[in-house]
Amino acid sequence: MLIFVRIGLVLEGIIFLIMDLRNYVRQRLTETTAILWALVSVILIITGAVPFPEKYTYDTMLWLLMGVCLLLLFLLFEVSRMISTLSMKNQELAMQVSLLNQENEKILRRLGMLMDEEEDTVCR
């Protein structure tokens, strides 16, 4: 049973590492996030691939998996921070677009008034 868990950990680590590299190359992940995912992947691979002496196996695997969990929590915090930052920037851009639309409407009204005055002067 332990061999299947180890093989699963190695396969998960390899899959996460491939996904991490592909998304980083396509610029879908920031450098910090990509490095953290790579660390998680490498720890998963090491946990599954390196044989430990029988009496330390469960303790060592437990500590390594706890480390992976802590890294994942840090990743979740980092992602939530990025989402919050992007949300605030999005809100600021929406306000700027609104102000630009108002300014555009004022300019169009002034242009319309100037065009009306020009037609009046041409008609006389």
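Everything that follows concerns the structure shown earlier in this document.
Everything numeric in this text was worked out from a predicted model, so none of it was measured.

(A) Summary view of the overall build of the protein. Looking only at helices and strands, the protein features three helices and zero strands. Written out in order from the N terminus, the α and β elements of the protein read α-α-α. For the protein, whose C-alpha radius of gyration is 29 Å, the value lies well above the compact-globule estimate of 14 Å for 124 residues. Along the first, second and third principal axes, the C-alpha atoms of the protein reach 105 × 20 × 20 Å.

(B) Examining helix α1 (residues 2-25) more closely. Here α1 contains 24 residues, and its C-alpha end-to-end distance of 35 Å stays within 8% of the 34 Å for a straight helix at 1.5 Å per residue. Its buried side turned inward, α1 meets α2 (31-49) and α3 (57-123).

(C) Structural context of the environment of Leu2. In this structure, Leu2 sits in helix α1. Residues Leu2 and Gln96, 94 residues apart in the sequence, show an inter-C-alpha distance of 58 Å.

(D) Structural view of unusual backbone geometry. The phi angle at Gln27 is positive, at roughly 60°, despite the residue not being glycine. As for its placement among the helices and strands, Gln27 is situated in the loop between α1 and α2. Take Gln27: its relative accessible area is 72%, and that puts it in the exposed class.

(E) Broad picture of the nonpolar core. Counting eight residues, the largest nonpolar core consists of Leu9, Leu36, Val40, Leu44, Met61, Val68, Leu71 and Leu75. At the level of elements, α2 and α3 are the ones that each hand at least two residues to this core. A per-element tally of this core places α3 first, with four residues. Residues within four places of Leu9 in sequence aside, it is in contact with Leu44, Ile45, Thr47, Gly48, Met61 and Leu65.

(F) A look at the side chain of Arg6. Turning to its location among the elements, Arg6 is positioned in helix α1. Within the local environment of Arg6, its side chain forms a polar contact with the backbone oxygen of Val50, the two atoms lying 3.1 Å apart.

(G) Summary view of the packing of α1 against α2. Two numbers describe how α1 lies on α2: the axes approach to 7 Å, and their chain directions differ by 160°. Our classification of the angle between α1 and α2 gives roughly antiparallel. Pair α1 / α2 crosses with left-handed handedness. Of the residues in α2, those in contact with Arg6, Leu9, Val10, Glu12, Gly13, Ile14, Phe16, Leu17, Asp20 and Tyr24 of α1 are Glu31, Ala34, Trp37, Ala38, Ser41, Leu44, Ile45, Thr47, Gly48 and Ala49. The class makeup of the residues in the contact of α1 with α2 is twelve nonpolar, four polar and four charged.

Cut-off values and rules
- Residues numbered from 1 in each chain as written.
- Predicted model: local features only at pLDDT ≥ 70, side-chain atom pairs only at ≥ 80, totals over all residues.
- Heavy atoms only, no water.
- Helix = DSSP H or I, 4+ residues; strand = E, 2+ residues; numbered from the N terminus.
- Rg over C-alpha atoms; globule rule 2.2 N^0.38 Å.
- Expected span 1.5 Å × (residues − 1).
- Contact = heavy atoms within 4.5 Å.
- Buried < 20%, exposed > 50% of the residue type's maximum accessible area, 1.4 Å probe, protein only.
- Core = buried A, V, L, I, M, F, W, Y, C linked by side-chain atoms within 4.5 Å.
- Polar contact = N/O pair within 3.5 Å; in protein donor to acceptor, adjacent residues only side chain to side chain.
- Axes fitted to C-alpha atoms, helices over the stretch in contact; angles between N-to-C directions.
- Parallel < 35°, antiparallel > 145°, perpendicular 65-115°, else oblique.
- Left-handed = near helix turned anticlockwise from the far one by under 90°.
- Nonpolar A, V, L, I, M, F, W, Y, C, P; charged D, E, K, R; others polar.

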